[in-house]
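An overview of the molecular structure
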Amino acid sequence: MKPTLTIFTPTYNRAYTLHLCYESLKRQTCNDFVWLIIDDGSTDDTSELVAGWISEGAIKIQYYFQENQGMHGAHNTAYELLDTELNVCIDSDDYMADNAVDKIISFWKKHGNVGYAGIIGLDATTDGNVIGTRLPDQLVSSTLSHLHAKHKVKGDKKLIYRSELTRKTPPYPIFPGEKYCPLSYKYILIDQECPLLIMNEVLCHVEYLVDGSSMNIIKQYIKNPRGFLFFRKVAMKLAPTYKDKLREAIHYVSTNLMINNSKFIVESPCKWTTLIATPFGVLLYFYIRNTSRATVMKRN
C-alpha cells in the first residue's frame, strides 16, 4: 500500500549529521511514510551511508542523486518524484519528533480535506523550546502569509502540504550561476488556493548549523540576486498587507541595484510602492554590501 506521507530531505555534503534524521525516523510510532532523500551533488560519503540504511530495511527510503542545483532545485526534484497524498520537508540538519508522523496523519485523517492546503505545526530547538511563537489557539486554519502578517506569528514552522498543490504550483526557477531562490515562493502561491490547518504540536527539532543557508542569508542575498529578485516581485504583488508590500518593495529595489538594473520601477508590478521604497532600498543595498553580519533573519 502506498504511504500517506513523503518526508523529503534535500542534502549536500551532510553525511556527518544526516544520521540524526534517520534515527528519528526509525523511532516513529507510525510507519505510514517514505523518506525521500534528494542528494544535491554531495561529494562526501552520503551515497554509501544511505545505501547502508536502505540495506537495513528499517524504514522505506528512496534515494535520488542529482548535479548540484541548490536547495530550491532539490525541492523541485522532490515535488516531481513524490506521489503520496502529503509531503513535508525535513532539512538535513533537522530531525522529527518521535511521534510526529502519527500526529500528522491522525490529525489529517480527522480534519483534512481538499479545502485545506495541509497542516502547519511547530519547530523546536533540540532542547524542546518552540522556535519563535506558538500558533494562535483560537484559529482552526489560516494561510501562512496571514499568520505572519496579521497574527504576528514569528519563527520557522513545519509545513505539511497536499502533494497535489505542490505539484500544481510552478517550480522554483533555476538561474545560471545561482543556487538559491526563497522557498516561500511556492508557499505564497499555495496561500492563494486555500489555508493550512493549525496544529500546535512540535513536529520537528531544528539546529541552525554554521554552514546552513539560514545562518548565511546575507551571503545568499549577494550570491543569488536574480533568485531573490524573482521572489520579491511575486511577494510584493501578493503581499497580505501594505506594510508587507512596502517591505518587499524595499528588498526588490536593493536586489535590482545588485544587478545594476536601472529599469526596476518600470518592471515592478507595484510601481508607486516601489517609487516610495526606492530611498530605503538604496540604504538597504549599502547596508548589505558593507555589513559583516551573516544573517538578518532566520529563514526566508
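Look a little higher up for the structure.
Along each chain, residues carry numbers from 1 onward, in the same order as the chain's sequence is written. Given that the model is predicted, a residue must reach a pLDDT of at least 70 before its local features are reported, and side-chain atom pairs must reach 80 or more before they are shown or counted; all residues, however, enter totals for whole chains, interfaces and linings. Hydrogen atoms and water are omitted, and side-chain values are computed over all heavy atoms in the structure.

Pairing of aromatic rings covers Phe, Tyr and Trp, the last counted by its six-membered ring, and requires centre-to-centre distances within 6.5 Å; plane angles under 30 degrees mean stacked, over 60 mean edge-to-face, and any other angle means tilted. Counted by the stated rule, this structure contains 11 aromatic pairs. Cluster of aromatic residues (ring-pair linked, three or more members): Tyr172, Phe175, Tyr185 and Phe230.

Axis definition: a line fitted to C-alpha atoms, over the contacting stretch in the case of helices. Angles run 0 to 180 degrees between N-to-C directions. Note on conventions: DSSP H or I runs of at least 4 residues are helices, E runs of at least 2 residues are strands, and numbering of each starts at the N terminus. At a minimum axis separation of 9 Å, helix H9 (residues 225–237) and helix H10 (residues 242–258) run at an interaxial angle of 155°. Classified by the angle between their axes, H9 and H10 sit roughly antiparallel to one another. When the axes of H9 and H10 are compared, the crossing they make is left-handed. Each of Pro225, Phe228, Leu229, Phe231, Arg232, Lys233, Ala235, Met236 and Lys237 in H9 lies in contact with H10, whose residues at this interface are Lys245, Glu248, Ala249, His251, Tyr252, Thr255, Asn256 and Met258. Think of it as three bins: nonpolar holds Ala, Val, Leu, Ile, Met, Phe, Trp, Tyr, Cys and Pro, charged holds Asp, Glu, Lys and Arg, and polar takes everything else, Gly as well. Partitioning the contact of H9 with H10 into residue classes produces 9 nonpolar, 3 polar and 5 charged. We call two directions roughly parallel when the angle between them is under 35 degrees, roughly antiparallel when it is over 145, roughly perpendicular when it lies between 65 and 115, and oblique otherwise. Each crossing is labelled by how the near helix is turned from the far one, with a counterclockwise turn of less than a right angle marking it left-handed and a clockwise turn marking it right-handed. Whether two residues touch is decided by their heavy atoms; if any such pair falls within 4.5 Å, the residues are in contact.

What follows is about H10. The span expected for a helix works out to 1.5 Å for each residue beyond the first. Counted at 1.5 Å a residue, the expected span for H10 with its 17 residues is 24 Å, and the 25 Å between its end C-alpha atoms agrees. The element H10 is largely enclosed, with a buried count of 12 among its 17 residues. Note on exposure labels: buried denotes an accessible area under 20% of the residue type's maximum, exposed denotes more than 50%, and partly exposed covers the range between, all computed with a 1.4 Å probe on protein chains only. Along H10, the residues that are buried comprise Asp244, Lys245, Glu248, Ala249, Ile250, His251, Tyr252, Val253, Ser254, Thr255, Asn256 and Met258. Where H10 is buried, its residues contact helix H5 (144–149), helix H8 (217–223), H9, helix H11 (264–267) and helix H12 (271–290). Looking at the residues trailing H10, positive phi occurs at Asn260, about 55°.

What follows covers the packing of helix H7 (residues 184–191) against H9. In contact at an axis separation of 10 Å, H7 and H9 are set at 20° when each is read in the N-to-C sense. Judged by the inter-axis angle, H7 sits roughly parallel to H9. Where H7 crosses over H9, the two elements pack in a sense that is left-handed. In contact with Ser184, Tyr185, Ile188 and Leu189 of H7, H9 contributes Phe230, Phe231, Val234 and Ala235. Looking at side-chain class alone, the contact of H7 with H9 contains 7 nonpolar, 1 polar and no charged residues.

Such coordinate-based values are descriptive only and should not be taken to indicate function.
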